[in-house]
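Listed here are the chains, written in short residue letters.
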Amino acid sequence: MIPEAGERKVSKMAETGGVLSSAPGGAPSRPMRALRLLLFSDYLVLVLTLVYVAALWLFVPEILSPTNLQDVFLQILPLFIAALGLMMVLMVAQIDLSATSIMAMGCVVGASIMTGEGGYLAGQPWAPAVAILAIVAIGILIGVINGVCTIVFDMPSFLVTLTTMMFFSGAAIWYTAAHTSSGSSIGSLPPAFLDIGYGGVAGIPYAAIITVVLAIVVHLLLTRTVFGRWVRAVGLNPKAAAISGVPVRAVVIGCFALSGLFAAFAAIIYTARLEAGTPILGQRILLDVIGAAVIGGVSLFGGKGTVIGVLLGVLFLSAVDNGLQLLGLSLSSVYAIKGGVILLAAVTDAIRHTLMARG
Amino acid sequence: MQINRRQFSATLAATAASATTPRLARAEGGKTIALMFDAFDSDFWITGNSILKSKAKENGWTTLETISNRDQNKQNDQVKAMVERKVDGIVFIPTDNNAAIPAIRTANAANIPIIFFNRPPAPNDNKYVAIQADNRKIMQMTVSTLVDIAKKQGGKYKAVLLMGDLGDNNAVQRRDGALDILDANKDLVEVASRVATEWNADKTFAGLTNAIQANPDVNLLISPSDSEDKIIEQVLKTAGKWHKTGEDGHVLFAGFDGDQNGYRLLSEKYMDVNGVQNLFYEVDLAYGAFKDIWAGKSVEKMLIDPGFAISQATLDAKRDDMWGYHVWKEKNK
């Protein structure tokens, strides 16, 4: 006779399998097997994106026009860069809410250096380069401040980055007002800098080159270096990581610095495209940045994340946005549909993880 | 229910055909105008949107709406989407006047007329038309009227100047217009506090509350938008300063926009003056510009709404030009 525990184990497996099986306790049917394969696939988000686009194509065929696809591709680049930076922080089980304020602060400082209307280096050929270095330096500096406050002073990263977000948002507005007569933004940026936004070489946009290079760097960092292993270890269990000799503080500070650096690169591309340094740059995209990372499989609890996952998350969110823009729906409809679609994607992912955990 | 592949394909084809029918029907109806807002953070924009849609309908036009939630980058991307939809015209309300310039280039490249509604772009050489209320001048008229009332009443005045979001050019102009008059009347009015409200209810509440706590003898208040009237009423009531004209402790109060709250407060004698943007006139200017452009006529780059100031003394004479009065009348039938 089969022991009771064994019977219970078999029936529990049947119960779990029965969720995706039309024949209780029997082999799953072909559609159910396909559904299971899809649900547990790392490319589920990509499939959801394609299904969404296909559904919308019935109403707005322009969604698949070459110009629209090109526009969407260019649009996702800075968001993807920002989301990669945030992924690093999420992987060590922290959060960075200040990414968009880093963008704002960096862009107005950079603009004030190179603007043709009384900029510090107005008219100088090296003004764009110095401005870019300044934006990058600001990103790293704020990132390090966040990291030190979080791990050295043992403060919750939510609180630290929320306060730096508020501080630097205000500082960006004050800085802009101090550097312009209109007070709203700093324009007249040099053409050499603006070229980063939509210019390119050999038909490849500069923004795409920057994005691909950064993505490769992050991927290699996470998969081929000791630092990458440390990041996962700290995210999964910081105490165990510390005991194993991982320099937890340096890793966390490093991740925050990277988040700031990547926010700075995103700011450079956004500023070039907007052709102005504006203190409200990125103010509304924080949830998009976090949402893209989470939908792309980056765990909010740390230890898990991939570059390709973040890319798919960004693609999904951008496809949703683009579709709603093409439909020209009212605001209430846009919010409802976008929220519903993202919720569906998040719930699907949660169900998937629950089922995978059950085996 | 069992369904085979042929039935599925037939159903999908029928769905696709029926889904495209409404779009075909709409295309035959006339022009399509994209109404591209940045936010609906005040009655001015909600009513503006409503007037734009109703007047478009009167012209036999269809409207598509987008809203960027104050993200200029997103709004610039939305212009590209509207170009893909092949709209015939764009009514554009930008968040940032400098950062909106790329959107003009996108529209120009597609040969679609773009009209900036109530918020012009930074000066540039691209093709566009801008409808603008002369915010600075309207605020000068408003505060000037308020100062005249103060002079008649006599005494000295301590003022709180509320400013909106200083990333918004309209807010900057209104602030400057108010300061033009206040600076010329320093012997009469002292500006005790300037509060940047960022068009945010919580910040307005907190900023005004703090200003009154720090200066309990404030007796003059200038607001940059009637969207903040309810918050102002709340704060002044809490501070024991919400009194009508003629009552002891009345705070001289100037509003801006001319919405239904502004009309109500003027008629109830809590507000003394209001600076009004003539929304109906601005929509007529915009749609007139579209018709001229489509007909191949040249149009001035800047079309100005001169606006006006309305006070308790001139309320009956001027209220028919006040868009908020019509909204109030509709709601209080």
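Thresholds, definitions, all that
- Residues numbered from 1 in each chain as written.
- Chains lettered and ligands numbered in written order.
- Predicted model: local features only at pLDDT ≥ 70, side-chain atom pairs only at ≥ 80, totals over all residues.
- Heavy atoms only, no water.
- Patch = residues over 30% accessible without salt bridge, like charges linked within 9 Å, V, L, I, M, F, W, Y side chains within 5 Å.
- Areas by Shrake-Rupley, 256 points an atom, 1.4 Å probe, with all protein chains shown as cover.
- Salt bridge = Lys/Arg side-chain N within 4 Å of Asp/Glu carboxyl O.
- Buried < 20%, exposed > 50% of the residue type's maximum accessible area, 1.4 Å probe, protein only.
- Pairing = 2+ DSSP bridges.
- Helix = DSSP H or I, 4+ residues; strand = E, 2+ residues; numbered from the N terminus.
- Axes fitted to C-alpha atoms, helices over the stretch in contact; angles between N-to-C directions.
- Contact = heavy atoms within 4.5 Å.
- Buried area = accessible area lost by both parts, 1.4 Å probe.
- Phe/Tyr/Trp six-rings, centres within 6.5 Å; stacked < 30°, edge-to-face > 60°.
- Lys NZ or Arg CZ within 6 Å of the ring centre and 35° of its normal.
- Arc of directions from axis to C-beta.
- Core = buried A, V, L, I, M, F, W, Y, C linked by side-chain atoms within 4.5 Å.
- pLDDT = per-residue confidence, 0-100.

**A word on a nonpolar patch on the surface**
Alright, step 1. A cluster of nonpolar side chains, contributed by A:V201, A:I204, A:Y206, A:I209, A:V213 and A:V217, occupies part of the molecular surface with about 460 Å² of accessible area.
Alright, step 2. We classify A:V213 as partly exposed; its relative accessible area is 45%.

**What about the sheet that holds strand β1 (residues 32-37) of chain B?**
Residue and element names in this part refer to chain B.
Alright, step 1. Spatially, 6 strands are ordered β2-β1-β3-β4-β5-β11 in an open sheet, and the strand pairing comes out parallel. Here the strands that pair on one side only, and so sit at the sheet edges, are β2 (62-67) and β11 (302-305). Strand-to-strand twist of the sheet, defined as the mean angle between neighbouring strand axes without regard to direction, takes the value 20 degrees.
Alright, step 2. Where helix α2 (residues 43-58) meets the sheet, its contacts fall on β1, β2, β3 (89-92) and β4 (114-117), and the angle it forms with β1 comes to roughly 180 degrees.
Alright, step 3. Against the sheet, helix α3 (residues 72-84) touches β1, β2 and β3, its axis set at about 170 degrees to β1.

**Some remarks on the interface of chain A and chain B**
Alright, step 1. Taken together, the contacts link 38 residues of chain A with 37 residues of chain B.
Alright, step 2. Overall, the association of chain A and chain B removes approximately 3100 Å² of surface from exposure, summing both partners, and the carbon and sulfur fraction of that is 51%.
Alright, step 3. Of all residues in chain A, the largest losses of buried area upon contact with chain B belong to A:L274, A:R284 and A:Q325, amounting jointly to 19% of the total for that side.
Alright, step 4. Summed over the shared surface of chain A and chain B, the result is 2 salt bridges.

**A word on the packing of aromatic side chains**
Alright, step 1. Throughout the structure, instances matching the rule amount to 16 aromatic pairs over all chains.
Alright, step 2. Ring centres of A:F167 and A:F168 lie 5.0 Å apart, and the angle between their planes is 90 degrees; this geometry places the pair in the edge-to-face category.
Alright, step 3. You can call A:F167 exposed: its relative accessible area is 56%.
Alright, step 4. Residue classification places A:F168 among the buried residues on the basis of a relative accessible area of 15%.
Alright, step 5. Each ring, one from B:W242 and one from B:F253, has its centre 6.4 Å from the other, and the planes form 65 degrees; the classification is edge-to-face. Here the residue B:W242 occupies a position in the loop between α8 (229-238) and β9 (252-257), and B:F253 occupies one in strand β9, the gap between them amounting to 11 residues. With respect to burial, B:W242 and B:F253 carry one shared label: buried.
Alright, step 6. Three or more aromatic residues joined by ring pairs form one cluster here, namely B:F37, B:F40, B:F44, B:W45 and B:W323.
Alright, step 7. Positioned over the ring face of A:Y198 is A:R273, at 4.9 Å from the centre of the ring.
Alright, step 8. For B:K31, the ring lying beneath its charged end belongs to B:W294, and the centroid distance is 4.9 Å.

**Describing helix α8 (residues 191-198) of chain A**
Residue and element names in this part refer to chain A.
Alright, step 1. When we look at burial in α8, the residues that qualify are F193, I196 and G197. In an axial view of α8, the angular spread of the buried residues amounts to 105 degrees, which keeps them on one side of the axis. Facing away from the buried surface of α8 by more than 90 degrees, the exposed residues are P191 and A192.
Alright, step 2. Of the surrounding elements, those touching the buried residues of α8 are α5 (99-114), α6 (127-152), α9 (206-224) and α12 (248-274).

**As for the nonpolar core**
Alright, step 1. With 104 residues, the main nonpolar core has A:L84, A:M87 and A:M103 as its most contacted residues.
Alright, step 2. The residues touching A:M103, leaving out its near neighbours within four places in the chain, are A:A82, A:A263, A:A266, A:A267, A:Y270, A:L281 and A:I285.
Alright, step 3. Listed in part, the 52 residues of the second largest apolar core include B:A211, B:I212, B:I232 and B:Y263.

**A closer look at the confidence of the model for chain B**
Residue and element names in this part refer to chain B.
Alright, step 1. Averaged over every residue, the pLDDT of chain B is 89; residues scoring 70 or more account for 91%.
Alright, step 2. Ranking the elements of chain B by mean pLDDT puts helix α1 (residues 5-28) last with 44 and β3 first with 98.
Alright, step 3. Between residues 8-29, whose pLDDT stays under 50, and residues either more than four places distant or in other chains, the model counts 12 contacts.
Alright, step 4. The ipTM value of the predicted complex is 0.75, and its pTM value is 0.76.

**Overview of the confidence of the model for chain A**
All names here are of chain A.
Alright, step 1. Averaged over all residues, the pLDDT of chain A is 87; the fraction at 70 or higher stands at 90%.
Alright, step 2. Of all secondary-structure elements in chain A, the lowest mean pLDDT belongs to helix α1 (residues 4-19), at 41, while α6 reaches the highest, 97.
Alright, step 3. Counted against residues more than four places away or in other chains, residues 1-23, with its pLDDT under 50, gives 16 contacts.

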